[in-house]
Each structure stands twice: as C-alpha cells, then as structure tokens.
Amino acid sequence: MTTSTIQVRQDKGICTITLNRPEVRNAMSLAMINELLTTLRQAEEDAGVRVIVLRGAGGHFCAGGDISDMAQARMKLAVQQAEEAKTGVKAEGPSPVAQVNAQFGRLCLAFARTSLPVVTVLEGTVMGGGFGLACVSDVTLALDNVSFRLPETSLGIIPAQIAPFLVERLGYAEAKRLSVTGAKVNAQEALTIRLVHEVHGSVEALNDALHNTIASIMACGPQAIATTKGLLARARLSTPDDLIDDAAELFARAVLSDEGQEGTSAFMQKKKPSWVPQAS
C-alpha cells in the first residue's frame, strides 16, 4: 500500500508504523487516520506479523488532530446548514464535524481491540490522538523529553473519543483530574501514573528498550498472546465467577493446540519453541 502520511516497514515479524508529518509534529489528519486503519487491518491479515510498533518522525509522536481537517468539516457543516435553511429539509445522519471525530474513535478502538501486541515509542509532543494511541497500547515506552497534553477543555472542547481509554488506562479519578485541568504531564509524572511503562534518557536507550520489549513478546506464543488479550479485555467488564467456565475452555484449547503442546514440550526439554527467533 502506498501511503502519504505514514511510513510502514515490516521486518522479521515486526510492523513498524511511523507517523510521518514532521512539519506539523505529526498532527493526525483524516488521511493519516484512514492509512493507519488500513495498515493495521493488513497487518492483522498477515500471518507473518507478530507485533506492531508505533512511533513518530522528527522527534515528536503526535500533536493531536489536524486543524485543517476540522476547518473543512466546519465549512461543510455551514454549507449543509445553509442548504437546510433554504430547503427546509434537515440532512440525515451525523454532522461533518461528528463524522471526522467518530473516525478517530474508530482508530482508537481498532488499536485497542487488535489481537496483535502494540508497542508505542514516544518522544516530544503527545497530544489528542497521540494521547489516545498511547492509552490503548499494550506497552508504552517514552523518552525523558516527552510532554503529554490534554488541552481540549482549555479550548472549550472535549476529549470525546479518548475519554473511555483515559478511564481504562488511568482510572476514573486520574482521568477526571487530567481532563478538568487541561493537564500537562511530563515524563516522570506519566511514569508515576502509569501512562507510560518505561522512561529512558536517550534515544539509544529508548531503542534498546524497544528491542528488549520486542524480544520478550517474540518469546511468547502468538496465539496465546491474542487469546490472552481478548480474555483481559473481557475481564475488565466481568466478575471472576462469570469467566471461570469460559476461561477454562480457552485454557483447554490453548493446552491442546499445536502451539500449547510445542511450548510445554519445549519447556520440559529445556529448549526454545519454534516461534522464538533464532539468534543471528
């Protein structure tokens, strides 16, 4: 797939997606959202892909939504409203502004629900859409210069689509605090509230941490990861007693699967299963 707003590189089971609009600190346009959705879907359909890595070009991750897209949506809404006033017929469906916002919500949901492990590498500015992607990632690594912003309420708008993922990642109380203060969060505070999992003092150390994280993921069974992610997502909204039978069935399938039998056999024989990359 040819892309204009992101770079995609696939190597040894790792699909690295780089937000590539450095001139605007990788602001998330509608075109970028659609390219990210398409790239994720293609990665999910490719049996060779085992992990997604998200990062940004030019020393920043993402400065939020693209203002020009919202301006265009407002213009379309104005034209629509003028036409409604002229004809007396109200247009069906959501407004152009709501449509743009909803598409970003679909992006967050797609990355939140993917069965592939997602690792996000953060540098510099992280706002809006970037904040949302950080929240839905399985592992979030950060450079010590990272600066999170949640400025929506200070602009008279709301963090609409990332709200549920803020609550999921940080808890209700912390999500409220950040939202009502239009918060700025530095690397150390982000680590303290578990918005990120690791903070590193140099790009070299950050890349080493990424390498180690990927190696840990690659040591795990791909299907076991996918099933576990699905079970954890259900566990957020279910009581333990509601999951006992279903979890037992999933466990039995895993134990009896080719992957489960190979993994347990390899453990007993003190060797690595076939899904672990061989050292080159």
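Computed from a predicted structure; not experimentally measured. (Residues numbered from 1 in each chain as written. Predicted model: local features only at pLDDT ≥ 70, side-chain atom pairs only at ≥ 80, totals over all residues. Heavy atoms only, no water.)

Topic: the sheet that holds strand β7 (residues 139-143)
- In spatial order, the strands read β1-β2-β3-β5-β7-β10; together these six strands make up an open sheet with mixed pairing. In this open sheet, the two edge strands, each paired with only one partner strand, are β1 (6-11) and β10 (198-200). The average undirected angle you get between the axes of adjacent strands in this sheet is 20°.
- The pairing of strand β2 (residues 14-19) with strand β3 (residues 51-56) spans six bridges and is classified as parallel. Each residue of the ladder has a partner; that of I17, found in β3, is L54. (Pairing = 2+ DSSP bridges. Helix = DSSP H or I, 4+ residues; strand = E, 2+ residues; numbered from the N terminus. Axes fitted to C-alpha atoms, helices over the stretch in contact; angles between N-to-C directions.)

Structural notes on the packing of aromatic side chains
- Counted under the stated rule, the structure contains one aromatic pair.
- When the centroid spacing of 5.3 Å and the interplanar angle of 65° are considered together, the rings of F131 and F148 count as edge-to-face. Placement of F131 in helix α4 (residues 128-136) and of F148 in strand β8 (residues 147-149) is noted, with a sequence separation of 17 residues between them. For the pair F131 and F148, one class covers both residues: buried. (Phe/Tyr/Trp six-rings, centres within 6.5 Å; stacked < 30°, edge-to-face > 60°. Buried < 20%, exposed > 50% of the residue type's maximum accessible area, 1.4 Å probe, protein only.)

A word on the pattern of salt bridges
- Taken as a whole and assessed by the stated rule, the structure comprises seven salt bridges.
- The salt bridge involving R177 is made with E174; its shortest N-O contact spans 2.4 Å. Residue R177 and its partner E174 are located together in helix α6 (residues 172-181), separated by three residues, close to a single helical turn.
- Across the pair R234 and D246 runs a salt bridge whose closest N-O atoms are separated by 2.7 Å. Taken together, the residues span a long stretch of sequence, with R234 in helix α9 (residues 222-235) and D246 in helix α10 (residues 240-256) at a distance of 12 residues. (Salt bridge = Lys/Arg side-chain N within 4 Å of Asp/Glu carboxyl O.)

Quick word on the pairing of β2
- Summarising burial for β2: six of the six residues are buried, a large majority.
- Going residue by residue along β2, you find I14, T16 and T18 tucked away on one face and C15, I17 and L19 tucked away on the opposite face as well.
- Direction of pairing for β1 relative to β2: antiparallel, over a ladder of six bridges. Across the sheet, residue Q10 finds its bridge partner in β2, namely C15.
- Count of turn residues in the β1/β2 antiparallel hairpin: two residues, of which K12 carries a positive phi of about 55°.
- Taking the sense of rotation as the criterion, the β-α-β connection linking β2, helix α1 (residues 30-45) and β3 turns out right-handed. (Right-handed = clockwise from strand over helix to strand, strands pointing away.)

Remarks on the environment of R25
- Within the secondary structure, R25 sits in the loop between β2 and α1.
- Distance in space between the C-alpha atoms of R25 and F61 is 7.0 Å, their sequence separation being 36 residues.
- When sequence neighbours within four positions are dropped, the list of residues in contact with R25 reads H60, F61, C62, A63 and T125. (Contact = heavy atoms within 4.5 Å.)

Here's the deal with the packing of α1 against helix α3 (residues 96-113)
- Two elements in contact, α1 and α3, have axes separated by 10 Å at closest approach and are oriented at 30°. By the angle between their directions, the pair α1 and α3 is classed as roughly parallel. Between α1 and α3 the crossing geometry is left-handed. Taking contact as the criterion, the partners of L30, I33, N34, L36, L37 and L40 in α1 are, on α3, Q103, F104, R106, L107, A110 and F111. (Parallel < 35°, antiparallel > 145°, perpendicular 65-115°, else oblique. Left-handed = near helix turned anticlockwise from the far one by under 90°.)

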